[in-house]
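# Summary of structural features
These are the residues of each chain, in order.
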Amino acid sequence: MDFNFSEEQSMLRDTVASFLQDKYDFDKRQKLIKSESGWSPAIWEAFANELGILGAPFSEELGGLGGGAIENMIVMEEFGKALVVEPYLGTVVIGGGFLKHSGYAGAAELIGGIIEGKVTIAFGYAEPQARYNWADVKTTAKKEGDAFVLNGHKAVVIGAPWASHLIVTARTSGGQRDEDGISVFIVEKGAKGIVTRDYPTVDGQRASEVYLENVTVPASALIGEEGKGLPLVNKVLDEAAAAACAEAVGAMRKMHEQTLDYARQRKQFGTAIANFQVLQHRMVDMFMNVEQSVSMTYMATLKLDESDAERAKAVSAAKVQIGKACKFVGQNAIQIHGGMGMTEELAVGHYFKRATMIEGLYGSVDHHLRRYETLSFGKAA
Amino acid sequence: MNLDFSPEDIAFRDEVRAFIAENYPAQLRDKGSDREDLSKDDFLSWHKVLAKKGWVAPSWPKEWGGCGWTSTQKYLFGEEMARADAIPILPFGVAMVAPVIYTFGTQEQKDRYLPKIYNGEEWWCQGYSEPGAGSDLASLKTKAERITGDDGKEYYIVNGQKTWTTLAQHADWGFFLVRTNPEAKIQEGISFLLIDMKTPGITVRPIITIDGGHEVNEVWLENVKVPVENRVFEENKGWTCAKFLLAHERSGIAGVARSKRGVERVREMASVEFGDDGDNLLKDADFKRKVAELEIDLTALEYTELRVLASESAGKGPGPESSLLKIKGTEIQQRLTELALEAAGHYASPYFRGFPGDGDNAHPIGPDSAHRTAPNYFNTRKTSIYGGSNEIQRNIIAKMVLGL
């Protein structure tokens, strides 16, 4: 048993942390998310070239740092602390995950592009009617000769406005919620027939509704085996969920820290509010929530390469813990800050918003509880 | 014991229901549940309809336009307003400053202010909170020094800063607590002033909240000259007015009727949103359980409020039990917005306020019912903070009810 980070991993954390402290403080981040494009290509390029972190989970042969899920966890936790909006999760974790696990022919080239900061990826998996059921796919991919023709609507595709490529799920056979018949495609975002409606999200990111209107892609756009995409989607989204847990841990650590600082300096009735026992206990409960979330994030991250069922169970357990903790820590951070916590000018509200969105990201608490129950007790009769 | 309303009460309820159905301005339909997006005209148009009917200030003394309704009738009126999603009448004029004026004010003050509050001609805001004070209201620092002006009349010169001043951006007048005797014990040197918001030296600055809305403000007062006749009640006795007003503020804070309507809205929403199995969310056992638990908690609160109401009707004033109504009422309001956020799923995420190129009126992404769920959730966090935080309310119960 060893929960220590290697020297390289500690160095990765320190490098990312000090870069963000310097280049991504709260005021800079606020300006960035309110700018026209909503992100910083210059920061992205620095991630690629100055820090090399876009290669963190990729092998050295591909030009990466030779890490894996733990490196993603480290980067995402630091990103959570700084509320980074740039699309590491979509591009490196999800995009990179699909390319690594699928045996995709063009993987090496695209991963090279990711590492250099030239390829950015957004993943369209949800549809308006689908909620958290990744098998509920109405988007179709019809085979025409050597090509596929894609039609459908992908909902709330996070990071799509900044993406060079989209990965989407589409049905090559079967009925709307069948587990078989789902295929995964990678498409250049500029491809003919892709129409997007871009918009900001409550937590300062950007997303799009993506409409596929007779988008014709070559057979080489197919990632993995035709019709057998769902297990791959589940694996990659579990990795994404684990990474999002790490991001939430970063955001929660900051909320807890800021709440402690605030309670120590804020005076009411002639004394610092940190002296009130009811608030002390609340801050203790926040602390316990954060620590339990750290533990679950480690556990889930370390089990990502286990069997499908083991992995899914671990990730769902972590997602339940983190979802509840995001709510508890976030709500109490605002409450203890009082009116100031309600204002746009303090960072704490922005951490709360991001944490709230992570609660529902890749499945809500209820969704993951149900998945855990099914995996542990079998399907209900 | 008996749970039924009397036939007179039921007739009254029907009359109110019919009046609202016939007279609620058509352009305001569907707006009542999203208070943050309402304009000044929105608020005032319904206010004016009720004023014309004579129903805008049911609690006032009859000579100023009060209705002489029983507590039960006032309760039923509130229920019907909520049931119709009608825009609530803003409390600052009608429910807060007016009772102070008709209880503690001079005849001149009553004649000058009450009719304009009643008719909606003058919009009021509340200058109570200060930075660093919060629930410790009496620690306020804004000071008022008495001088004789060049015209031989007496004035207060007011300096200080107020905060969380709701809708001050629209206000014609504000009622302010100021410190007139810095030497006295903290609650004894305070006076209650009515200040014309157009007086030179007043600056209103928006505070944008985490939902992106502009509902509250900072109000800066720099050498603001206020005639002494604008003081209500005696100098240094303003805390009496403040305490009286806070008791008024707390009644009705449970928001039972609005929450009942909120539960209906969540049910309506869940009946069109999909669950994971493609069926609607209202068939989802986990979601259903949460709605059911909320409904039961709300019923408990409703019957607690009715018990308080019955004891008020029997002549007992609202006591510290109003703290219970505040705590449970606001917790339920918060849970309602949590459920709506959950119901919205992915479509809780799109957001349009305060970003370049996107006006407030941009067409929403996803189902209409999902559109405001996240901002509403964030905004509603305030309810356990304002009006004396829920921690303070629990302290009140511990001390006043349990004698701890």
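Because the structure is predicted, anything quoted here is derived from the model rather than measured. (Residues numbered from 1 in each chain as written. Chains lettered and ligands numbered in written order. Predicted model: local features only at pLDDT ≥ 70, side-chain atom pairs only at ≥ 80, totals over all residues. Heavy atoms only, no water.)

### A look at the overall build of chain A
Check the secondary structure of chain A and you find 11 helices and 10 strands. On C-alpha atoms alone, chain A measures out to a radius of gyration of 21 Å, which is about the 21 Å that the 2.2 N^0.38 rule sets for 381 residues. Projected onto the principal axes, the alpha-carbon positions of chain A cover approximately 80 × 55 × 45 Å. Carbon together with sulfur atoms contributes 51% to the accessible area of chain A, which is approximately 15000 Å² in total. (Helix = DSSP H or I, 4+ residues; strand = E, 2+ residues; numbered from the N terminus. Rg over C-alpha atoms; globule rule 2.2 N^0.38 Å. Areas by Shrake-Rupley, 256 points an atom, 1.4 Å probe, with all protein chains shown as cover.)

### A word on the interface of chain B and chain A
If you look at the interface, chain B gives 53 residues, while chain A gives 50 residues. Here chain B packs against chain A, burying approximately 4400 Å² in sum over the two surfaces, 58% of which is carbon and sulfur. Between the two partners, chain B and chain A, sit 6 salt bridges. The shortest N-O distance in the salt bridge between Glu391(B) and Arg282(A) comes to 2.8 Å. Taken together, the connections running from chain B to chain A amount to 26 residue pairs in polar contact (both at pLDDT 80 or more). In terms of residue class, the side of chain B that touches chain A is built from 26 nonpolar, 15 polar and 12 charged. (Contact = heavy atoms within 4.5 Å. Buried area = accessible area lost by both parts, 1.4 Å probe. Salt bridge = Lys/Arg side-chain N within 4 Å of Asp/Glu carboxyl O. Polar contact = N/O pair within 3.5 Å; in protein donor to acceptor, adjacent residues only side chain to side chain. Nonpolar A, V, L, I, M, F, W, Y, C, P; charged D, E, K, R; others polar.)

### Some details on the packing of helix α7 (residues 256-272) of chain B against helix α9 (residues 321-344) of chain B
Residue and element names in this part refer to chain B. Remark: α7 packs on α9, axes separated minimally by 10 Å, with the N-to-C direction vectors making an angle of 10 degrees. The angle between α7 and α9 places the two elements in the roughly parallel class. Along its contact with α7, which presents Ser259, Gly262, Val263, Val266 and Met269, the element α9 presents Ile332, Gln333, Leu336, Leu339, Ala340, Ala343 and Ala344. Class assignment of the residues belonging to the contact of α7 with α9 gives a composition of 9 nonpolar, 3 polar and no charged. (Axes fitted to C-alpha atoms, helices over the stretch in contact; angles between N-to-C directions. Parallel < 35°, antiparallel > 145°, perpendicular 65-115°, else oblique.)

### Concerning the pairing of strand β6 (residues 194-200) of chain A
Residues and elements named next belong to chain A. Sheet topology note: the β6/strand β7 (residues 206-218) ladder contains 7 bridges and is antiparallel. Across the sheet, the residue bridging to Pro200 is Arg206, located in β7. Once β6 ends, the chain turns through 5 residues before running back antiparallel as β7, passing Gly204 with a positive phi of about 85 degrees. (Pairing = 2+ DSSP bridges.)

### Focus: the environment of Tyr377(B)
Tracing the sequence through the fold places Tyr377(B) in helix α10 (residues 373-380). When the C-alpha atoms of Tyr377(B) and Arg307(B) are compared, they prove to be 30 Å apart, with 70 residues separating the residues in sequence. Setting aside chain neighbours within four positions, we find Tyr377(B) in contact with Lys327(A), Gln331(A), Phe352(A), Thr356(A), Thr337(B), Glu338(B) and Leu341(B).

### Topic: the pattern of salt bridges
Overall, the coordinates contain 53 salt bridges over all chains when judged by the stated rule. Across the pair Lys143(A) and Glu226(A) runs a salt bridge, and its minimum N-O distance is 3.5 Å. With Lys143(A) in strand β2 (residues 140-144) and Glu226(A) in the loop between β8 (222-223) and α7 (229-265), the pair connects residues that are 83 residues apart, well separated along the chain. Since its relative accessible area comes to 37%, Glu226(A) is described here as partly exposed. The shortest N-O distance in the salt bridge between Arg261(B) and Glu264(B) comes to 3.1 Å. Of this pair, Arg261(B) and Glu264(B) both sit in helix α7, 3 residues apart, roughly one helical turn. The partly exposed category is assigned to Glu264(B), whose relative accessible area is 42%. Overlapping salt bridges, with partners in common, bring together Arg13(A), Glu77(A), Glu78(A), Lys81(A) and Arg253(A) in one network. (Buried < 20%, exposed > 50% of the residue type's maximum accessible area, 1.4 Å probe, protein only.)

### Observations regarding the nonpolar core
By size, the foremost hydrophobic cluster in this structure holds 139 residues, and its most contacted members are Phe47(A), Phe79(A), Phe98(A) and Tyr362(A). Here this core takes 18 residues from α7(A), the largest share from any one element. Not counting residues within four places of it along the chain, the set of residues in contact with Phe47(A) comprises Phe19(A), Leu20(A), Gly52(A), Ile53(A), Leu54(A), Phe79(A), Val84(A) and Glu86(A). One finds Trp55(B), Trp60(B), Val94(B) and Ile202(B) within the second-largest nonpolar core, a separate group that totals 77 residues. (Core = buried A, V, L, I, M, F, W, Y, C linked by side-chain atoms within 4.5 Å.)

### Notes on the environment of Ala314(A)
Residues and elements named next belong to chain A. Note on placement: Ala314 falls in helix α9 (residues 308-337). For Ala314, a relative accessible area of 5% corresponds to the buried category. As a C-alpha pair, Ala314 and Ile358 span 44 residues in sequence and 17 Å in three-dimensional space. Residues in contact with Ala314, not counting those within four places in the same chain, are Met299, Ala300 and Lys303.

### Observations concerning the confidence of the model for chain B
Residue and element names in this part refer to chain B. Per-chain confidence: chain B averages 90 in pLDDT, with 94% of residues scoring 70 or above. No element of chain B has a lower mean pLDDT than helix α6 (residues 238-250), at 82, and none a higher one than strand β8 (residues 231-232), at 98. Scored below 50 in pLDDT, residues 356-360 makes 7 contacts in the model with residues more than four places away or belonging to other chains. Complex prediction metrics read pTM 0.94 and ipTM 0.93. (pLDDT = per-residue confidence, 0-100.)

### What to know about the packing of aromatic side chains
Applying the stated rule across the entire model yields 34 aromatic pairs over all chains. Here Tyr125(A) and Trp134(A) contribute two aromatic rings whose centre-to-centre distance is 5.0 Å and whose plane-to-plane angle is 90 degrees, an arrangement assigned as edge-to-face. Judged by centre distance (6.4 Å) and plane angle (40 degrees), the ring pair of Trp124(B) and Phe175(B) falls under tilted. Here Phe175(B) lies in strand β4 (residues 173-179) and Trp124(B) lies in strand β1 (residues 124-127), a separation of 51 residues in the sequence. Residue classification places Trp124(B) among the buried residues on the basis of a relative accessible area of 3%. Taking relative accessible area as the criterion, Phe175(B) reaches 0% and is therefore assigned buried. Each member of the aromatic cluster is reached from another via a ring pair, and the members are Phe19(A), Trp39(A), Trp44(A), Phe47(A), Phe79(A), Tyr88(A) and Trp162(A). A cation sits over an aromatic face here: Arg13(A) above Phe5(A), 5.0 Å from the ring centre. (Phe/Tyr/Trp six-rings, centres within 6.5 Å; stacked < 30°, edge-to-face > 60°. Lys NZ or Arg CZ within 6 Å of the ring centre and 35° of its normal.)

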